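A structural walkthrough
Spelled out, the chains give:
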Amino acid sequence: MKIIIVGGGIAGTSLYLHLLQHLPNPPAPYPPHELLIYESHEPKPSSSPSTSTSLSSPSSNSPESEPPTTPNLTPSTTTIGGGLALAPNGMRILARLSSELHEAVLAQGFANERFIFRSARGWRLSSMPCTDARVPGEACVSMSRMGLWEVLRGFVEASGDGEGVIRYKKVAEVGQGASGKPIVKFEDGEVEEADLVVGADGVRSVVKKGAFGEGYAPVYMNQAGVGGFVKGPLPDEVKREKGMVFTFGGNGFFGYGSSASEEEESLMWWSTYHTPSLPTSDDLSIPTITTELRERHAAWKDPVIQTIISSVADSVSSIYPTWTTPPLPHWGRNALILIGDAAHALQPTSGQGASQCLEDGLTLSLILSHYLNKVYNETDASEQSGSGVDLQATIDATASVLYAVREPRVREISDAAKKMDRGKGDIGVVGEMVMCGFMWLFGKVPWIAQLLFGDMNERLYAWDVDAEVKKGIAKYETEARTESGTATAGAA
Ligand SMILES: Cc1cc2nc3c(=O)[nH]c(=O)nc-3n(C[C@H](O)[C@H](O)[C@H](O)COP(=O)(O)OP(=O)(O)OC[C@H]3O[C@@H](n4cnc5c(N)ncnc54)[C@H](O)[C@@H]3O)c2cc1C
């Protein structure tokens, strides 16, 4: 089976590794599997984090700081810079891929045990654990996005067939070829056919366009963020409590946490604010953005925030308008399947985008492997050329079960994030006080938060991919049997 993965980000690279691990070997006369990733951005030789300044000395005079650069802002979130936190459910999937991969990701990040919520007025409101209660040591790991991507890419390239698997070419269009199979057209005019094309190409996915045309365009959330990295001794709450600190104010939000091991002393930070006009490359000025950042947080009481904003000078390293994908009626048909942000770009507030990519990849691999195993075991291979009806039915069934299993999961996460997002915009003094009151109350009476948002361990971290896949396949097959029974009865 030939599978083309469009996009070599977190979803694309991890899907490749899952497929390698789970796809059954095809018996003769079926041809061996061929897996390829097409990625539009060739990696630069630099390593993460991309730009950092010093916490202890203002970077404008620091020899360590790089000159300010204008970020390559596209109307998507494909900002490779910046930091992210991989939740325990995502880390668990990495461990399942390989303990070495899990270790490598952990080694370049920082294992957080608590989320700490603060108010811009300087009050510590509450804190909650962010570890998986069922898996000792499985924490929420903060890191540079580039660092995670480099580890995943390294494992793809080091895998059995890995070298040359990631090809750096931009896909311009995806459609159906004359044979009925999906085809991928590249910017350079070349065309390639596959049995299955997986869109792991982010929120502005061309594969999604192939499946839906111009429909279901991403939605700008009237929110943008800036972020970066600063070097210097880690704040006490980060180091001692192993915490990520989230501060809410009437005019925005500020977060920080360690982006690497304690010894590296690298703090990632981000500031989110309400802006109805979509920032574009044309109206982007780093000095202006830095000035606005300082103005926005000038009165915020946390000395760590003050030190960060006075240190960043002109070197904000990532700027991102927030986009989400509207709910899709399916995640692909006709041998096109969407995963990751291409299928469901979530609000950054969810803290789950990357983990959901990893769950998608494992789910897709398990379902596809189940149906391929059926084809290989149950059909008379000598009568099948290896490319006929069975393969098509396999892919159709995979797409249906994937959607049935995964869509409710990401919808639930998105709904919870929407509630949290209300506290990140311009909410004014009254809104700020109400929010602070709630957050304080959540710390004192945790069951209220659980009532509103569900238990984080149960709701987010305990999701069992294998059990959900099993249930999804059983349900699909029961429905298929019922349908064929009804059709037979109708015919009789
Ligand atoms: C500000 C912000 C903060 C976030 N924080 C967190 C967090 O703390 N925790 C978390 O889990 N998630 C977080 N996320 C979400 C997370 O970053 C995304 O969910 C995740 O990166 C999506 O991965 P992906 O591989 O699906 O898409 P992307 O990361 O967008 O990757 C898509 C890839 O496809 C390539 N591509 C695109 N078009 C083409 C084409 N035409 N041809 C070939 N290649 C193409 C791109 O170059 C890119 O490499 C955050 C997101 C944002 C915006």
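Since we're looking at a predicted model, the values are computed, not measured. (Residues numbered from 1 in each chain as written. Predicted model: local features only at pLDDT ≥ 70, side-chain atom pairs only at ≥ 80, totals over all residues.)

Describing the overall build of the chain
Of the regular secondary structure elements, the chain holds 15 helices and 19 strands. Relative to its full complement of 492 residues, the chain shows a buried share of 47%. At a minimum sequence separation of 6, the contacts of the chain that also span at least 24 residues come to 78%. (Helix = DSSP H or I, 4+ residues; strand = E, 2+ residues; numbered from the N terminus. Buried ≥ 20, exposed ≤ 12 C-beta atoms within 10 Å, placed from the backbone. Contact = placed C-beta atoms within 7 Å.)

Some remarks on the sheet that holds strand E1 (residues 2-6)
Taken in spatial order, the 5 strands of this open sheet run E9-E2-E1-E13-E19, and their pairing is parallel. A strand with exactly one partner marks an edge of an open sheet, and here the two such strands are strand E9 (166-168) and strand E19 (336-338). Adjacent strand axes in the sheet meet at a mean angle of 25°, parallel and antiparallel pairs treated alike. Sheet analysis places E1 next to strand E13 (residues 196-199), joined by 4 bridges and oriented parallel. Bridge assignment links Val-6 to a residue of E13, and that residue is Gly-199. The sheet strands contacting helix H1 (residues 10-22) are E1, strand E2 (34-39) and E13, and the helix crosses E2 at an angle near 175°. (Pairing = 2+ DSSP bridges. Axes fitted to C-alpha atoms, helices over the stretch in contact; angles between N-to-C directions.)

Quick word on the sheet that holds strand E12 (residues 191-193)
With antiparallel pairing, the 3 strands of this open sheet are ordered in space as E10-E11-E12. If you trace the sheet from one side to the other, it starts and ends with strand E10 (171-176) and E12, each paired once. Geometrically, the sheet is characterised by an average inter-axis angle of 20° between neighbouring strands, direction not taken into account. As judged from the 3 bridges shared by strand E11 (residues 182-186) and E12, these two strands associate in the antiparallel manner. Its bridge partner being in E12, Val-184 is matched across the sheet by Glu-192.

Section: the site of the ligand
Neighbouring the ligand are 33 residues, the closest being Gly-7, Gly-9, Gly-202, Gly-340 and Gly-353. When residues of the shell around the ligand are assigned to their parent elements, the largest contribution, 4 residues, is made by helix H10 (residues 353-378). Residues that form the shell around the ligand fall into these classes: 14 nonpolar, 15 polar and 4 charged. (Near = placed C-beta within 6 Å. Nonpolar A, V, L, I, M, F, W, Y, C, P; charged D, E, K, R; others polar.)

Some thoughts on the packing of H1 against H10
Running from N to C, H1 and H10 point in directions that differ by 30°, and their axes come no closer than 8 Å. The orientation of H1 relative to H10 falls into the category roughly parallel. For the crossing formed where H1 meets H10, the hand is right-handed. Where H1 abuts H10, its residues Ile-10, Ala-11, Ser-14, Leu-15, His-18, Leu-19 and His-22 lie against Ala-354, Cys-357, Leu-358, Asp-360, Gly-361, Leu-362, Leu-364, Ser-365, Leu-366 and Ser-369. Considering only residue class, the contact of H1 with H10 consists of 10 nonpolar, 6 polar and 1 charged. (Parallel < 35°, antiparallel > 145°, perpendicular 65-115°, else oblique. Left-handed = near helix turned anticlockwise from the far one by under 90°.)

Here we look at the confidence of the model for the chain
Of all residues in the chain, 85% attain a pLDDT of 70 or more, and the chain-wide mean is 86. Across residues 56-80, where pLDDT falls below 50, the model places 53 contacts with residues more than four positions away in sequence or in other chains. (pLDDT = per-residue confidence, 0-100.)

Some remarks on the environment of Val-165
Counting through the fold element by element, Val-165 comes out in the loop between helix H4 (145-158) and E9. Between the alpha carbons of Val-165 and Thr-13 there is a distance of 10.0 Å; along the sequence they are 152 residues apart. Val-165 has contacts with Tyr-16, Leu-35, Leu-36, Ile-37 and Val-156, leaving out every residue within four places of it along the chain.

Considering the pairing of strand E8 (residues 140-144)
In terms of burial, E8 is largely enclosed, as 5 of its 5 residues are buried. Of the two faces of E8, the one lined by Cys-140, Ser-142 and Ser-144 and the one lined by Val-141 and Met-143 are each fully buried. By the bridge criterion, 4 bridges tie strand E4 (residues 83-86) to E8 in an arrangement that is antiparallel. Paired with Ala-85 across the bridge in E8 is Ser-142.

Re the nonpolar core
Soluble globular proteins tend to pack their nonpolar side chains together in the buried interior. Val-6, Val-141, Val-197, Val-198, Ile-337 and Ile-339 are the most contacted members of the largest nonpolar core, which totals 115 residues. Top contributing element to this core by residue count: H10, with 11 residues. The residues touching Val-6, leaving out its near neighbours within four places in the chain, are Tyr-38, Val-171, Val-174, Val-184, Val-197, Val-198, Gly-199, Ala-200, Asp-201, Val-206 and Val-207. Within the second largest apolar cluster, 8 residues are counted, among which are Met-221, Trp-323, Leu-346 and Val-410. (Core = buried A, V, L, I, M, F, W, Y, C linked by C-beta atoms within 7 Å.)

Considering the environment of Asp-302
Within the secondary structure, Asp-302 sits in the loop between helix H7 (286-297) and helix H8 (303-311). When the C-alpha positions of Asp-302 and Arg-121 are compared, they lie 7.8 Å apart, and in sequence the two are 181 residues distant. Leaving out residues up to four positions away in the same chain, Asp-302 has contacts with Arg-118, Gly-122 and Thr-247.

Considering the packing of helix H2 (residues 88-97) against helix H3 (residues 99-107)
Interhelical geometry of H2 versus H3 gives an angle of 135° and a closest axis separation of 5 Å. The orientation of H2 relative to H3 falls into the category oblique. Contacts from Met-91, Leu-94, Ala-95 and Leu-97 of H2 reach H3 at Ser-99, Leu-101, His-102 and Val-105. In the contact of H2 with H3, the residues fall into 6 nonpolar, 2 polar and no charged.

Here we look at H1
With 13 residues, H1 should reach 18 Å at 1.5 Å per residue; the first-to-last C-alpha distance of 18 Å fits that figure. All buried positions along H1 are accounted for by Ile-10, Ala-11, Gly-12, Thr-13, Ser-14, Leu-15, Tyr-16, Leu-17, His-18 and Leu-19. Tucked into the core, H1 has its buried residues touching E1, E2, H2, H4, E13 and H10. (Expected span 1.5 Å × (residues − 1).)

Concerning unusual backbone geometry
The omega angle of the peptide bond from Ala-28 to Pro-29 is 10°, so this bond is cis rather than trans. Relative to the helices and strands, Pro-29 resides in the loop between H1 and E2. Of note, the phi angle at Glu-265 is positive, near 50°, even though the residue is not glycine. Turning to its location among the elements, Glu-265 is positioned in the loop between strand E16 (252-258) and strand E17 (266-274).

Some remarks on the environment of Asp-464
Residue position: Asp-464 is located in the loop between helix H14 (456-461) and helix H15 (465-491). Asp-464 sits 105 residues away from Glu-359 along the chain, and the two C-alpha atoms are 9.5 Å apart.

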